[in-house]
Amino acid sequence: MNCQNCGTVNEDNCKFCASCGQPLTPQTESRGQHQNNNQNGSSYQSNGHNPGAQSYGHGAQPSQQDIEKNKVFAIIAYFVFFVPLIAAKDSPYARYHANQGLTLLIFYVGAAIVHGFLFSIIFSTFLWSLFSIITLIFSLIYLGLLIIGIMGIINAVNGKCAPIPLIGRLLNIIK
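The text that follows walks through the structure, step by step, so that each part is easy to find. Numbers given for residues are sequential positions, taken from 1 along each chain in its written order. Only residues with pLDDT of 70 or above have their local features reported here, since the model is predicted, and side-chain atom pairs are shown and tallied only from 80 upward, although totals for entire chains, interfaces and linings are computed over all residues. The basis for every side-chain value is the complete set of non-hydrogen atoms in the structure, without hydrogens or water.

### Details of the side chain of Thr103
Then comes step 1: By the criteria applied, helices consist of DSSP H or I runs no shorter than four residues and strands consist of E runs no shorter than two, each listed in order from the N terminus. You can see Thr103 is positioned in helix α3 (residues 92-125).
Then comes step 2: What Thr103 contacts, discounting residues up to four positions off in sequence, is Ile167 and Leu171. Note on contacts: a residue pair qualifies if any of its non-hydrogen atoms lie within 4.5 Å across the two residues.

Right, dumping it as structure tokens:
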């Protein structure tokens, strides 16, 4: 089914859009959706909009009760991703945000490793002029990751299962 908000194609059993996190309602036509009948009477639907959208959570969709009950764990996931996996292990909502928190942590650690590697090269080769440039670049990277994390927390507070910007769809480790 297609999302009425953004037009993303979602699986028929989804309750929330995989792209924007809005609740889905059954519909026959939506914005950007085209339904074409071929000669044998079967039909296919396409919207030209994110055709390979990931299915949220690889399993059960969160109910409104699940969202309200596990909202705190979803928020905590952006600080310590494994807490929801222990405290709310059966909650699709908490697991989704735990995956988003883990993705964010992986990018923080990756940036820190690259940052440390570049600093070791600067100090070993005495390229002191690059010190301030690399410091500025990585300060902006860390600030960007902080903003992305805050956006994830806002999604969790608002009861949305929307991926965090730029990196939220790249890794799906927790299933």
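Alright, that's what it looks like, and here's the rest.
### Description of the pattern of salt bridges
Then comes step 1: For this analysis, a salt bridge means a side-chain nitrogen from Lys or Arg found within 4 Å of a carboxyl oxygen belonging to Asp or Glu. Counted by the stated rule, this structure contains one salt bridge.
Then comes step 2: Note that Lys71 and Glu68 form a salt bridge whose closest N and O atoms lie 3.5 Å from each other. Of this pair, Lys71 and Glu68 both sit in helix α1 (residues 64-76), three residues apart, which is roughly one turn of the helix.
Then comes step 3: Assessed through its relative accessible area of 47%, Glu68 is described here as partly exposed. For every residue, the accessible area obtained with a 1.4 Å probe (protein chains only) is divided by the maximum for its type, and the residue is called buried under 20%, exposed over 50%, and partly exposed between those limits.

### Section: the packing of α3 against helix α4 (residues 129-157)
Angle between the axes and distance between the axes: these two values describe a pair of packed helices.
Then comes step 1: Orientation is described by lines fitted to C-alpha atoms, with helices fitted over the stretch in contact, and by angles between N-to-C directions that extend from 0 to 180 degrees. Direction vectors running N to C along α3 and α4 enclose 175°, while the axes themselves pass 11 Å from each other. As judged from the angle between their axes, α3 and α4 are roughly antiparallel.
Then comes step 2: A breakdown of the residues in the contact of α3 with α4 according to their chemical character gives 21 nonpolar, six polar and no charged. Reported orientations rely on four angle classes, namely roughly parallel under 35 degrees, roughly antiparallel over 145, roughly perpendicular from 65 to 115, and oblique for the rest. Polar here means any residue other than Ala, Val, Leu, Ile, Met, Phe, Trp, Tyr, Cys and Pro, which are nonpolar, and Asp, Glu, Lys and Arg, which are charged; Gly is therefore polar.

### Points about α3
Then comes step 1: Expected helix span is computed as 1.5 Å times (number of residues minus one). End to end, α3 covers 50 Å across 34 residues, agreeing with the expected 50 Å (1.5 Å per residue, within 8%).
Then comes step 2: One or two steps after α3, the chain reaches Phe126, where phi turns positive at roughly 60°.

### Let's talk about the nonpolar core
Then comes step 1: Of all hydrophobic cores here, the largest spans 15 residues; its most connected members are Tyr78, Tyr93, Leu104, Ile164 and Ile167.
Then comes step 2: When contributions to this core are tallied by element, the ones reaching two or more residues are α1, α3 and α4.
Then comes step 3: Excluding its chain neighbours within four sequence positions, the residues that come into contact with Leu104 are Tyr78, Leu145, Ile148, Gly149, Ile164 and Ile167.
Then comes step 4: We call a set of buried residues a nonpolar core when its members are Ala, Val, Leu, Ile, Met, Phe, Trp, Tyr or Cys and they connect through side-chain atoms within 4.5 Å of each other. Residues Met1, Cys14, Cys17 and Leu24 belong to the second largest nonpolar core, which totals seven residues.

### Describing a nonpolar patch on the surface
Then comes step 1: Here a patch means residues that are over 30% exposed by relative accessible area and free of salt bridges, tied together within 9 Å if like-charged and within 5 Å if nonpolar (Val, Leu, Ile, Met, Phe, Trp, Tyr). Note that accessible areas follow from Shrake-Rupley with a 1.4 Å probe, and for residues the cover is restricted to the protein chains shown. On the surface, Leu136, Leu140, Leu143, Leu146, Ile147, Ile150, Met151 and Ile154 cluster together to form a nonpolar patch covering roughly 730 Å² of accessible area.
Then comes step 2: You can see Leu136 is positioned in helix α4.
Then comes step 3: Given a relative accessible area of 53%, Leu136 falls into the exposed group.

### A short note on the packing of aromatic side chains
Then comes step 1: Aromatic contacts are taken between Phe, Tyr and Trp rings whose centres are within 6.5 Å, Trp giving its six-membered ring; a plane angle under 30 degrees counts as stacked, one over 60 as edge-to-face, and the others as tilted. In the structure shown here, the tally under the stated rule is five aromatic pairs.
Then comes step 2: Note on Phe119 and Phe131: the rings are 5.0 Å apart at their centroids and 45° apart in plane angle, and the pair reads as tilted. Within this pair, whereas Phe119 is found in helix α3, its partner Phe131 is found in helix α4, the two being separated by 12 residues in sequence.
Then comes step 3: Seen in terms of ring centroids, Phe123 and Phe131 are 6.0 Å apart; in terms of plane orientation they differ by 55°. Their pairing is tilted.
Then comes step 4: Looking at Phe123, the relative accessible area reads 41%, which means it is partly exposed.
Then comes step 5: A network of ring pairs unites the aromatic residues Phe119, Phe123 and Phe131 as a single cluster.

### Notes on unusual backbone geometry
Then comes step 1: Positive phi, close to 70°, is recorded for Leu166, a residue that is not glycine.
Then comes step 2: Within the secondary structure, Leu166 is located in the segment after α4.
Then comes step 3: The exposure class of Leu166 is exposed, given its relative accessible area of 77%.

Everything listed here is a matter of geometry and, on its own, says nothing about what the molecule does.
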